[in-house]
Amino acid sequence: MEPAIRLKPGCSKSDIRKKVWDYIEKNDLADFPRPVHNRIPNFKGASHACEKLLSLPEFHDARTVKIDPDSPHKNARFLTLDAHKILLVPTPRLRKGLFNRITPPARAGKEMLKMCSTPQGVKEHSVPVSLDDRISVDLVVVGSVAVSEKGWRIGKGEGFADLEHAMMVAMEAVTEDTVVVTIVHDCQVLDFPEDLLGDHDLTVDYILTPTRVIKTDCKRPKPEGIIWSKVTWEMMKKIPILKKLQAIEKEAGKNVFIKKDHDQELHTRLEACDLGDVHTLYIGNIPPTTTINEFKDILQEKGAPPLRLKWQIDHQRAFLDYMDVAQARQALSSLQGLTIRGNSLWVNLARAKVSNSKTQ
């Protein structure tokens, strides 16, 4: 099938995400929530695409199925519960553990099972799964923004699906042979180069769309576990279960040194400094598809890493705190003329923090 979306040579993951999100919005291919930007799109026909799970022998044979909490997977969660399988759903942003096991009331009918498949139902009818629970996941369903027929997957840019899978490997809940399925609209099936993928990127074995079941026969290995050198200090703060897994793997003699980044050093400096001495830059017109990690990398490359970053991407802006006005002005100079994906950013000293500064 000819792809609906054309990609230019040299495009990045971010370019592909924007292409897909823009195409879905322009052609009215999504249901609530909208806009689909920065989301796994809840495409029209998602429920029908989920029904194709029933055609997979691996789904019939599975006892335990892990399905992401995204809106287009609602019917997949229902079908799993209706088939009397164990359903695991990741906790939001992994802040309170890795999974919740959905526990419908005894003798629940289809309407109750459908309710248990919603975010509210997951919240009300589930129990947490701890590292001490020896689970074995037989089938994994993940969301995608784009996927190739060769099984290469691009998510929404936050890395949670990749990290969840790596954590499951570390827990010995999945193996290299555990089948991974993604459910997307036909327009999300694209041809993009393999060199966009990293060692941490999860691949898929099946792609389900409203019109097709694609068996990818993907030859690229799935991640073999947590790549600790890619884990940041900030991630360790926000995802407590990472600390527990790090301790377990350290005891097993594995190298668990995390990525060296400036966040930990800056946190230490921030605690030691007088906040009255902090000065701020305002950055505006940031493209809405920009992730915070991408933005931090750009600041690092420009030699302007802040002491503290206030991220307000819903308003396409950020505020960067520096130790003193000299550092703020040096960063201002370094960031002048900065563009991200064709957007010229507005960079200025923030009047709320720096006295006698003028807005250009």
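Before reading further, recall that the structure is shown in the block above.
Notes on the structure follow. Note that this is a predicted model, so its numbers are computed, not measured. (Residues numbered from 1 in each chain as written. Predicted model: local features only at pLDDT ≥ 70, side-chain atom pairs only at ≥ 80, totals over all residues. Heavy atoms only, no water.)

Glancing now at the overall build of the chain. On a plain count of helices and strands, the chain comes out with 12 helices and 16 strands. The globule rule puts the C-alpha radius of gyration for 360 residues at 21 Å, and the 22 Å found for the chain is close to it. The principal-axis extent of the C-alpha atoms belonging to the chain is close to 65 × 50 × 40 Å. Taking all 360 residues of the chain together, 51% fall into the buried category. Once local pairs closer than 6 in sequence are excluded, the contacts in the chain between residues at least 24 apart make up 66%. When the accessible area of the chain is evaluated, it comes to approximately 18400 Å², of which 50% is carbon and sulfur surface. (Helix = DSSP H or I, 4+ residues; strand = E, 2+ residues; numbered from the N terminus. Rg over C-alpha atoms; globule rule 2.2 N^0.38 Å. Buried < 20%, exposed > 50% of the residue type's maximum accessible area, 1.4 Å probe, protein only. Contact = heavy atoms within 4.5 Å. Areas by Shrake-Rupley, 256 points an atom, 1.4 Å probe, with all protein chains shown as cover.)

What the 4 strands build is an open sheet, ordered β12-β13-β11-β16; its pairing is antiparallel. Each of the sheet's edge strands pairs with one partner strand only, and the pair in question is β12 (308-312) and β16 (346-349). Each adjacent strand pair in this sheet contributes to an overall mean axis angle of 15°, direction not counted. One ladder, built from 5 bridges, connects β12 with strand β13 (residues 317-322); its direction is antiparallel. Counted as the bridge partner of W311 is A318 from β13. This element, helix α11 (residues 292-301), spans β11 (279-284), β12 and β13 of the sheet and lies at about 135° to β12. Packed onto the sheet, helix α12 (residues 325-335) meets β11, β13 and β16 and runs at close to 20° relative to β11. (Pairing = 2+ DSSP bridges. Axes fitted to C-alpha atoms, helices over the stretch in contact; angles between N-to-C directions.)

Note that the residue after F32, namely P33, is joined by a cis bond; omega there is 0°. Along the chain, the position of P33 falls in the loop between α1 (13-26) and α2 (46-51). You will see that N38, though not glycine, has its phi angle at about 70°, which is positive. Relative to the helices and strands, N38 resides in the loop between α1 and α2. Unlike most non-glycine residues, R341 shows phi in positive territory, near 50°. Along the polypeptide, R341 turns up in the loop between β14 (339-340) and β15 (343-344). Given the relative accessible area of 27%, R341 is considered partly exposed.

With 7 of 9 residues buried, helix α4 (residues 74-82) is to be regarded as a mostly interior element. Turning to α4, its buried residues are N75, A76, R77, F78, L79, T80 and L81.

Our next topic: the pattern of salt bridges. Between side chains of opposite charge, pairing is possible as soon as their charged atoms come close. Evaluation of the coordinates by the stated rule reveals 20 salt bridges. Between K13 and D201 there is a salt bridge, with the nearest N and O atoms lying 2.9 Å from each other. Placement of K13 in helix α1 and of D201 in the loop between β8 (179-183) and β9 (206-208) is noted, with a sequence separation of 188 residues between them. On the basis of relative accessible area, K13 is assigned to the buried category, the value being 19%. (Salt bridge = Lys/Arg side-chain N within 4 Å of Asp/Glu carboxyl O.)

With 38 residues, the main nonpolar core has M167 and L242 as its most contacted residues. Listed by contribution, the elements that provide at least two residues to this core are β2 (86-90), β5 (139-142), α7 (160-170) and α9 (240-251). Per element, the largest residue contribution to this core is 7 residues, and it comes from α7. Leaving out residues up to four positions away in the same chain, M167 has contacts with L94, L98, I226, I239, I241, L242 and L245. (Core = buried A, V, L, I, M, F, W, Y, C linked by side-chain atoms within 4.5 Å.)

Strand order in the open sheet formed by 8 strands is β4-β3-β2-β1-β5-β8-β9-β10, with mixed pairing between adjacent strands. Among the strands making up the open sheet, the edge pair consists of β4 (126-129) and β10 (213-215). Within the sheet, the average angular offset between the axes of one strand and its neighbour, ignoring direction, is 25°. Bridge count between strand β1 (residues 64-67) and β5: 3 bridges; the pairing is parallel. Considered in β5, the bridge of K66 is made with V140. This element, α4, spans β1, β2, β3 (99-102) and β8 of the sheet and lies at about 150° to β2.

Judged by which residues are buried, β1 turns out to be covered on both faces: T64 and K66 on one side and V65 and I67 on the other are all buried. Note: β1 against β2, 3 bridges, orientation parallel. If you follow V65 over to β2, its bridge partner there is L87. Running through α4, the crossover from β1 to the neighbouring parallel element β2 is right-handed. (Right-handed = clockwise from strand over helix to strand, strands pointing away.)

The next point concerns the pairing of β13. Alignment of β11 against β13, held across 6 bridges, turns out to be antiparallel. Across the sheet, residue Y282 finds its bridge partner in β13, namely F319. The hairpin formed by β12 and β13 contains 4 residues between the paired strands, and Q316 there has a positive phi angle of roughly 55°.

Along α12, the residues that are buried comprise A328, A331, L332 and L335. For α12, the arc enclosing every buried residue in end-on projection is 105°, short of the 170-degree limit, so these residues lie on one face. Exposed positions of α12 whose direction lies more than 90 degrees from the buried face are A326, Q330 and S333. Two or three places before A326, at the start of α12, stands the capping residue D324, its side-chain oxygen 3.2 Å from that residue's backbone nitrogen. Positive phi appears at G337, one or two residues downstream of α12, with a value of about 80°. (Arc of directions from axis to C-beta. Polar contact = N/O pair within 3.5 Å; in protein donor to acceptor, adjacent residues only side chain to side chain.)

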